[in-house]
Amino acid sequence: MKKIRILDIMPILIMAILIVIFAILSGGNTLTSYNIGNLVMQMVPTMLGSMGVIFVIALGGTDISIGASAAFCATIGALIANTINISAVYIPITLVMSTAIGALLGTIVQKCHVGSFILTLAVLIAAKGMMNYLYATVMVPTPSGMSFLATTSFAITVLVIAVVVIYFVFEKTKFGFYAKCIGENEKTVRCVGINVGKIRIMCFAISGFFAGVVGFIQLARIGGSSNSLCNMLEMRVQMAIFLGGILTTGGFSAKIYKIILGTITISVIENGLTVIGASSYISEAVEGILLVAILVITIFSNRVADKKAELASIAEMEAAE
C-alpha cells in the first residue's frame, strides 16, 4: 500500500483552512456565487501560466520571464494587427513570438550552461524596459473583432482544454516522464541515451507558448496594453507552484493537481483579503506573511515526514538482520 506523504496532503489542508478562515472573516461573502465567479477568473492567468512553467520546474529549472514575455508578445501582436488592419494575425503572432522566446531561452540554458533563474530574470528586466518604452510612445488597443477573447466563457474554455491536454502530456506520455526524470537525475537520463537538450528546449518552448496565451487573453480583458498587463504573473505562478507542494528541484514532486491546488490557494488569499476590505498595503503585507508561513509549515512538515520514513526504514533493516 502506497504511503501518503505530508507534502502531498498539506496543500489540501492549507487550502481548506484558508477557505474557512476567509469565509468566517467575510461573513460568508467569499462563498457567494458572484465572488466565486470572480475567484475563478482570477485563477485563469495564474493557472494557464503554471501549465507551461511546470515543465521547466520538472527539469529543476525555473522561468520567471513569463509575465513580461506575455505582456511584450501580446502588445507586439496587437500593434502589428492594428498596423496592418488584420485582426486575425493577433493570436498567431503573439503565440509564435512567445514560443520562440521560450525556445531561445531553453537553447541558451542548454548550450551555454546558464542558470535558468538568472537568464529569465534578465529577460524579465529587458522585456519590461522595452514595454515601458512602448507605453511612452504609442497606444496599443485590442485589435477590432477580438472582444470575444475577454469573455468568461472563452477564458474558461481555454483553461479546461489546457488542463486536459497538459495533464495528458505531462502525466501520461514519455515526454512528461523524461522531463521529470531529468529533474531527478540528469546524468542518468543522459547515460541511457535520452536527448536532454531537445527536451529542455521543448519544455521552455511550452512555457513560452502559455505565456502567449495568457498575454492575448489579458490584453483583451483590459482593452489594450498597459503597465499593469500581466504584472507580477511570474511571482503568482511561482507561489502557486510552491504552495502546491512542488519542490524547487522538480522531478516527480511536480504534479498537475498540485498546480491546481496551489493556484486556488494563492487566489483564495488575494480574493479573501479584497473581500474583507483590507487595504492594498495591508493586503500585500498579510499576503507575504501568509505565503512565507505556509511555505515554512509545508517544508518543515515534509522534513519531519521524511525523517520518520528514514527512521522506519532503518528499523525495518535492523529487524531483518
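Residues numbered from 1 in each chain as written. Predicted model: local features only at pLDDT ≥ 70, side-chain atom pairs only at ≥ 80, totals over all residues. Heavy atoms only, no water.

## Overview of the layout of surface pockets
Part 1 of the reasoning: Estimates place the volume of the largest pocket at around 790 Å³.
Part 2 of the reasoning: Gln 42, Asn 231, Met 232, Arg 236 and Glu 270 are the residues nearest the centre of the largest pocket, which is lined by 27 residues in total.
Part 3 of the reasoning: Elements with a contribution of two residues or more to the lining of the largest pocket: helix H2 (33-58), helix H8 (196-222), helix H9 (233-243), helix H10 (256-275) and helix H11 (280-320).
Part 4 of the reasoning: When residues in the lining of the largest pocket are grouped by element, the largest group, 6 residues, is from H11. (1 Å grid on protein atoms, 1.4 Å probe; cavity = no way out; pocket = protein on both sides within 12 Å on 5 of 7 lines; lining within 4 Å. Points joined across faces, edges and corners; volume = space filled by probe spheres on them. Helix = DSSP H or I, 4+ residues; strand = E, 2+ residues; numbered from the N terminus.)

## Some words on the packing of aromatic side chains
For any two aromatic rings, the description comes down to two numbers: the centre-to-centre distance and the angle of the planes.
Part 1 of the reasoning: Inspection of the entire model under this criterion finds 7 aromatic pairs.
Part 2 of the reasoning: Considering the side-chain rings of Phe 55 and Phe 175, the 5.8 Å spacing of their centres and the 35 degrees angle between planes classify their relative orientation as tilted. On the criterion of sequence distance, the pair formed by Phe 55 in helix H2 and Phe 175 in helix H7 (residues 174-191) is long-range, its members being 120 residues apart. The pair Phe 55 / Phe 175 is uniform in exposure class, with both members buried.
Part 3 of the reasoning: Ring geometry for Phe 209 against Phe 210: centres 5.5 Å apart, planes inclined by 85 degrees, an arrangement best described as edge-to-face.
Part 4 of the reasoning: A relative accessible area of 33% means that Phe 209 is categorised as partly exposed.
Part 5 of the reasoning: Cluster of aromatic residues (ring-pair linked, three or more members): Phe 55, Phe 170 and Phe 175. (Phe/Tyr/Trp six-rings, centres within 6.5 Å; stacked < 30°, edge-to-face > 60°. Buried < 20%, exposed > 50% of the residue type's maximum accessible area, 1.4 Å probe, protein only.)

## Thoughts on the environment of Glu 287
Part 1 of the reasoning: Position of Glu 287 among the secondary structure elements: in helix H11.
Part 2 of the reasoning: A sequence separation of 48 residues divides Glu 287 from Met 239, and the C-alpha atoms of the two residues are 11 Å apart.
Part 3 of the reasoning: Excluding residues that lie within four positions of it along the chain, Glu 287 makes contacts with Ile 266, Ile 269, Glu 270 and Leu 273. (Contact = heavy atoms within 4.5 Å.)

## Focus on unusual backbone geometry
Part 1 of the reasoning: In this model, Cys 230 sits at a positive phi of 55 degrees, which is unusual for a non-glycine residue.
Part 2 of the reasoning: Among the structural elements, Cys 230 can be located in the loop between H8 and H9.
Part 3 of the reasoning: In this structure, Met 232 takes a positive phi of about 65 degrees despite not being glycine.
Part 4 of the reasoning: Position of Met 232 relative to the elements: it lies in the loop between H8 and H9.

## Details of the nonpolar core
Part 1 of the reasoning: In this structure, Leu 48, Met 51, Ile 54, Phe 55, Tyr 90, Phe 170 and Ile 199 are the most contacted members of the largest nonpolar core, which totals 64 residues.
Part 2 of the reasoning: Of all the elements, H8 adds the most residues to this core, at 12 residues.
Part 3 of the reasoning: When neighbours within four sequence positions are excluded, Ile 54 is seen to be in contact with Phe 170, Ile 246, Ala 254, Lys 255, Ile 256 and Ile 259.
Part 4 of the reasoning: Ranked by size, the runner-up nonpolar core spans 13 residues in total, among them Ile 14, Leu 243, Ile 266 and Val 268. (Core = buried A, V, L, I, M, F, W, Y, C linked by side-chain atoms within 4.5 Å.)

None of the figures reported here should be taken as evidence of function without further support.
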